[in-house]
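Structural characterization, general
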Amino acid sequence: MAEEVKNEEMEELLEEEDSQKGKFMTFQTGKEFFGISISYVNEIIAMQPIAAIPEVDDYIKGLINLRGKIIPVIDVRVRFKMEPSEYTDRTCIIVIDVNSTMIGLIVEKIAEVDTIADDSIVPPPSLGRKEHEHNKYVYGLARTGDAVKLLLDPEKLIRQDEIEAVMEDIRKED
Amino acid sequence: MAEEFNTESMLDMFLYESGQLLEKLEGIILEKQDADCFDDSDINEIFRVMHTIKGSSGVLMYENITKVTHKLEDVFYYLRESHPDDVPHMELVEKVLAVSDFVTGELDKLKNGDTPDGDEHQLVQDLDEFLGRLKGEIKKQGIQMPQANKHEEPKQFYITPVAGDDSHFYRISIHYRSDTQMSNIRAYSATYALKEVAEDLLYTPDDILSNEASGDVILAEGFHMLLQTKSSKEEVIALIDSSEAEEINFDELTKGEYGKALAEFGREDAITIDLGEEQKPEEKDKKKDKPQPGDYVVKTKEAGKGKTLAKNQPKQQSIISVNVEKMDALMDLIGELVIAEAVVLQNPDLKVPGLELSNFQKASGQLSKITTELQEVIMSMRMMPLTNVFQKMKRIVFDVSRKLDKDIELEVIGENTEVDKNIIEHITDPLMHLVRNSVDHGIEENAEDRTTLGKPAKGKITLEAKNEGGKVYISVKDDGKGLNKEKLYQKAMDKGLIDNKLISEFTDKEIFRFITLPGFSTKEEVTEYSGRGVGMDVVVKNIQSIGGRLDIESVEFEGSEMTLIIPLTLAIINGIVVQVGNSPFVIETASIKEFVRVGEDSLIHEPSGEEYIVLRGECYPFIRLNERYDLADSISNVEEGIVVVLEHEGSQVCVLIDKLLQEQEIVVKPIPPYVKKVKGLSGCTQLGDGSIALILDIAGLLIQDGERR
Amino acid sequence: MRILLAEDDFASRKFMDKQLSRYGECDVMVDGEEAVDAFLMALEDDEPYDLVCLDVMMPVMDGYQVLKAIRDIEAQRGIPRSKGVKVIMTTALNDERNVKMAFELGCEAYAGKPIDVEKFEKVLSKLGLI
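Residues numbered from 1 in each chain as written. Chains lettered and ligands numbered in written order. Predicted model: local features only at pLDDT ≥ 70, side-chain atom pairs only at ≥ 80, totals over all residues.

The secondary structure content of chain B amounts to 20 helices and 24 strands. By residue count, 35% of the 709 residues in chain B fall in the buried class. In chain B, the proportion of contacts linking residues at least 24 apart, taken out of those at least 6 apart, comes to 70%. (Helix = DSSP H or I, 4+ residues; strand = E, 2+ residues; numbered from the N terminus. Buried ≥ 20, exposed ≤ 12 C-beta atoms within 10 Å, placed from the backbone. Contact = placed C-beta atoms within 7 Å.)

Here we take up the overall build of chain C. When helices and strands are tallied, chain C shows five helices and six strands. In sequence order, chain C lays out its α and β elements as β-α-β-α-β-β-α-β-α-β-α. Buried residues in chain C amount to 48% of all 130 residues. A fraction of 56% describes how many contacts in chain C between residues 6 or more apart in sequence connect residues 24 or more apart.

All names here are of chain B. Contact geometry of helix H6 (residues 183–195) with helix H7 (residues 214–221) gives a least axis separation of 7 Å together with a crossing angle of 80 degrees. The orientation of H6 relative to H7 falls into the category roughly perpendicular. In this structure, H6 uses Ser183, Asn184 and Ala187 to contact H7, whose residues at the interface are Ser214, Gly215, Ile218 and Leu219. Partitioned by chemical class, the residues of the contact of H6 with H7 number three nonpolar, four polar and no charged. (Axes fitted to C-alpha atoms, helices over the stretch in contact; angles between N-to-C directions. Parallel < 35°, antiparallel > 145°, perpendicular 65-115°, else oblique. Nonpolar A, V, L, I, M, F, W, Y, C, P; charged D, E, K, R; others polar.)

Okay, the interface of chain B and chain C next. Interfaces are often described in size by the accessible area the parts lose on coming together. Each partner contributes to the interface: chain B provides 38 residues, whereas chain C provides 42 residues. Of all the secondary structure elements, the ones that give two or more residues to the side of chain B that touches chain C are helix H1 (10–32), strand E1 (157–159), helix H10 (269–274), strand E6 (297–298) and helix H13 (387–403) of chain B. As defined by bridge partners, E1 of chain B adjoins strand E6 (residues 109–112) of chain C across three bridges and the pair is classed as parallel. In the sheet register, Tyr158 of chain B faces E6 of chain C, and the bridge partner there is Tyr110 of chain C. (Pairing = 2+ DSSP bridges.)

Let us look at the interface of chain B and chain A. With 16 residues of chain B at the interface, the matching set in chain A holds 18 residues. Those elements that place two or more of their residues in the side of chain B that touches chain A are strand E23 (681–686) and strand E24 (692–696) of chain B. For the side of chain B that touches chain A, a count of residues per class yields eight nonpolar, four polar and four charged.

The strand order E1(B)-E6(C)-E5(C)-E3(C)-E1(C)-E2(C) describes an open sheet built from six strands, whose pairing is parallel. Each having just a single partner strand, E1 of chain B together with strand E2 (25–29) of chain C make up the two edges of the open sheet. Mean inter-strand twist for the sheet, computed between neighbouring axes without regard to direction, equals 15 degrees. Relative to strand E3 (residues 51–54) of chain C, strand E1 (residues 2–6) of chain C runs parallel, the two being bridged by four bridges.

This next bit is on the confidence of the model for chain C. The share of residues in chain C with pLDDT of 70 or more is 100%, and the mean pLDDT across the chain is 89. In the model output, the complex is listed with pTM 0.41 alongside ipTM 0.85. (pLDDT = per-residue confidence, 0-100.)

The omega torsion across Lys113 of chain C and Pro114 of chain C is -5 degrees, close enough to zero to call that bond cis. The residue Pro114 of chain C is located in the loop between E6 and helix H5 (117–126) in this model. The backbone of Glu55 of chain A sits at a positive phi, close to 60 degrees, despite the residue not being glycine. Tracing the chain through its elements places Glu55 of chain A in the loop between strand E3 (41–46) and strand E4 (60–66). Overall, Glu55 of chain A belongs to the partly exposed group, with 14 C-beta atoms counted inside 10 Å. A positive phi angle, near 65 degrees, is found at Val60 of chain C, a position not held by glycine. Among the secondary structure elements, Val60 of chain C is positioned in the loop between strand E4 (58–59) and helix H3 (63–76).

All names here are of chain B. Taken together, six strands build an open sheet; the order of strands is E16-E20-E21-E19-E18-E17 and the sheet is mixed. The strands lining the two open edges of the sheet, one partner per strand, are strand E16 (592–596) and strand E17 (603–605). When the angles between neighbouring strand axes are averaged without regard to direction, this sheet yields 30 degrees. Examined bridge by bridge, E17 and strand E18 (residues 611–615) share three bridges and lie antiparallel to one another. For Leu603, the partnering residue across the bridge sits in E18 and is Ile613.

Bringing the environment of Glu91 of chain B into the picture now. All names here are of chain B. Its place among the elements puts Glu91 in helix H4 (residues 89–111). Judged by local crowding, Glu91 falls into the exposed class, with 12 C-beta atoms found within 10 Å. As for Glu91 and Phe130, which are separated by 39 residues in sequence, their C-alpha atoms are 8.9 Å apart.

It is worth spelling out the environment of Tyr473 of chain B at this point. All names here are of chain B. Summarising the element assignment, Tyr473 is placed in strand E11 (residues 471–478). Overall, the presence of 19 C-beta atoms within 10 Å leaves Tyr473 in the partly exposed class. Placed 77 residues apart in sequence, Tyr473 and Leu550 show a C-alpha to C-alpha distance of 9.8 Å. The residues touching Tyr473, leaving out its near neighbours within four places in the chain, are Ala465, Lys466, Glu468, Thr563 and Ile565.

So, on to the environment of Leu21 of chain B. All names here are of chain B. Mapped onto the elements, Leu21 comes out in helix H1. Judged by the 22 C-beta atoms lying within 10 Å of it, Leu21 is buried. Between the C-alpha atom of Leu21 and that of Ser100, which follows or precedes it by 79 residues, the distance is 9.8 Å. Not counting chain neighbours up to four residues away, the residues in contact with Leu21 comprise Val49, Thr52 and Ile53.

Once that is clear, we can look at the pairing of E6 of chain C. Residue and element names in this part refer to chain C. Of the two faces of E6, the one holding Ala109 and Ala111 and the one holding Tyr110 and Gly112 are both buried throughout. As defined by bridge partners, strand E5 (residues 86–91) adjoins E6 across four bridges and the pair is classed as parallel. Each bridged residue has a counterpart across the sheet, and for Met89 the counterpart in E6 is Tyr110. In this region the chain leaves E5, passes through helix H4 (residues 96–105) and returns to the parallel neighbour E6; the handedness of that crossover is right-handed. (Right-handed = clockwise from strand over helix to strand, strands pointing away.)

Detailed reading of the predicted coordinates is not advisable wherever pLDDT is low. All names here are of chain B. A residue-level look at chain B finds 85% of positions with pLDDT of 70 or above and a mean pLDDT of 78. For the stretch residues 301–306, pLDDT sits under 50, and the model shows 12 contacts to residues farther than four places along the chain or on other chains. Across residues 310–318, where pLDDT falls below 50, the model places 17 contacts with residues more than four positions away in sequence or in other chains.

Moving on, we get to the packing of H3 of chain C against H4 of chain C. Residues and elements named next belong to chain C. One can describe the packing of H3 onto H4 by two numbers: an axis separation of 9 Å at closest approach and a directional angle of 15 degrees. Regarding the angle of H3 to H4, the classification is roughly parallel. In the packing of H3 onto H4, the handedness of the crossing is left-handed. Counted together, Tyr64, Leu67, Lys68 and Arg71 of H3 and Met101, Ala102 and Leu105 of H4 form the full contact between these two elements. Its residues assigned to classes, the contact of H3 with H4 comprises five nonpolar, no polar and two charged. (Left-handed = near helix turned anticlockwise from the far one by under 90°.)

Residue and element names in this part refer to chain B. Its 22 residues give helix H11 (residues 324–345) an end-to-end C-alpha distance of 31 Å, which sits within 8% of 32 Å, the value for a rise of 1.5 Å per residue. Along H11, the residues classified as buried are Met331, Gly335, Val338, Ile339 and Ala342. Along the axis of H11, the buried positions cluster into a sector of 90 degrees, meaning they face one direction only. For H11, exposure combined with an orientation more than 90 degrees from the buried face picks out Glu325, Lys326 and Ala329. (Expected span 1.5 Å × (residues − 1). Arc of directions from axis to C-beta.)

Structural data, given as structure tokens:
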């Protein structure tokens, strides 16, 4: 049913368990590049029909059917409080597995798998308030080539109470 | 590990459960060894582990284990009740590990068939000394000393059989010389000689004394015996008179082989012993799943014949034990099959005009029939009525009410409600707690307290089960004292279980929920039957572990109602797929009363924005699903859409949808827990074309509607 | 004390009778129904038994049925559970489900065969019979 993009490639990668360390799946959302440790990534699939669920947070786009398994998908752009954009044929869903919770991340464009050495990761600097919420899910910055990649902590990314707490903070600060 | 036991004997269960608990215990200890102290949930957990092992070792009379765990339970009791500061954490960790090691050592002895004879004195003395210091500390810190931890002596005991492991099992075949006279009498003498040492003896032919013709059979086919004994091979051989024997075959068997041989010999009671609890037997007759009084009636013995059970027990060959995981996998696969079937039968390729489909239709009809039957079979394999569970509850009400000298009648409703086997296992203990609580704390101590309130002198407890909207509701209702909110609040405050808030800041339900906090027990005096607060928290924990919840309703002086609401984890329902906007929804067929088309003039608009529909003079609440769930591109004119009248527990509601798609069997899947619960939705499913439809929960819709109005 | 033993197997009966007779007068029955009759008769005569030992696999009624009947009779006569007769099941059916069922039906002890005489005696003393 679901067309699987780069699946073979992924499987090869997943087979080499040892070589996972230091490897990151990077993708582009807006102007920024993000990275997720490959160990969380299950597979990457093309965009597919999403069944919307009423009355949930706007970044939860709904449910998809992954070979009989029903998993929720979230839109990373909306999650980061960016303006939602149209889905194109480059839009992908990265299926991640965080502590046995399967979740799909809708991203605008998959970039590549990067190897990032531990020592080239620096903690995010304390920036202004505008970056406040990003810092919640970004645990490190890495420079590869000419781009800076924001490394995401998927556990924080998907945790709902986290964002509620953040929103609470923001409301208070306003 | 459990799979290794093919007979889940009492001892095996004890070893298995205690082993699991100790593993858990060590997990906690090792995780927290470097911390400053144990937190409340650790203390509760350790207390519970000790409490459980103490209890079961008491029943099996392993006194050294009981004493040691008893002492450690005491220690954690004081920690839990008094929360003293400055507990020497490292020392405590060492103490817990020492106990854990001791018990593990004793369990190992039992596993090897040895007597658990470890000397517990030193350990008990150490713990006593530690406890003494702990109490001193509590006094010094000026914390109120809790009442002494009360221990219940076990009232029932299990005497483990003398180690059956050093028994030997033999298959003995004697072939007599063909000219042997009265070989049947010779054969009988052999059995007679063996009876002296036999723990179990079975032989064939089995009618050697009463039937003279058996002598010929013995000469032709030989005389075969199965023997279980402590004696060695040599000792046994010495007992058999071999004078006329041409050949004696002597095989030593393992226990398993012996069990099989018993079945071959046609002894049917071999089966019941072989059905392990862990590998759940799935018989067609589900009631047989659990032994019942009357299962073991022996048919009157025919002279000289072996015992046979009167009740026709299934032969061993007709039953296989199946791992529950495999059952679950099968269940999932059948769910997938149902979906795949829909994909094939509703395939858009079939909609090409002019296709000759009559053979296809015939074949697909057959396919549908088979898949439907398949589902029914798998469901029936897993479903069991609550009868047995409710039976236990009757017993508890009976026992506890007599013990406490309360006059209580029990009404049971819906005991034939069938629920998934897994669920039965998980609800029995929680339900038992609720029932005990109702008898003990719910119903008033004195009949006069009741009569002055105008209630009948006799208390009443109602136990009710029903299956609705993919959920099982089991409620325990009493007409007793009810819960006193003030008292609950005060107690929770005193125990430091809640934040420092005013009572008015809590809703009634929140206050009732205090009783489910660990360490909360409303009774000043702890009673034997309801324990000391190791109760409601466990109930909630167990129920949550299967995705259910506990609902508490209470009115002071009128009574309380505790309801367990448990989802059916995986079920297949008959549903109608409807469309609203671009989204498909599923409505369970059973809850649909009718579909109607109504005119705009049947609508009543309240000033508040609420709407009602008048049908044949009756007025129903009206929900526009598209507005409720904010769905775009949908029909908003009632005259173009379809109104579905839904019924649930006697209340009706009308829902506006765009169109009907089809009726089909629906595999209910839970909405992934990551997505917060949406009221009015009970699950989701996959349709024939692979898309996902949400399943409407009528009860939820009604509640939500009620709240809004 | 007065003891009622129900056991249909000759060898076991002999063995149990010998053991139990050390503690008191022992009436021996060979099937479940007889056991219930004997129990009732003793109640009628106001000479109730102090201890009942029940085999499980027996003719007419099995041990569990007898146990249930005994508890039902006691309940009907308003004999409180604490004053009821002490019942010990003696059987080779040692799987956990059977043991639990017997406990639920209200026996005091469940002794797996072959019986551990030492522990059996300990239970008797815990039950306050000797």
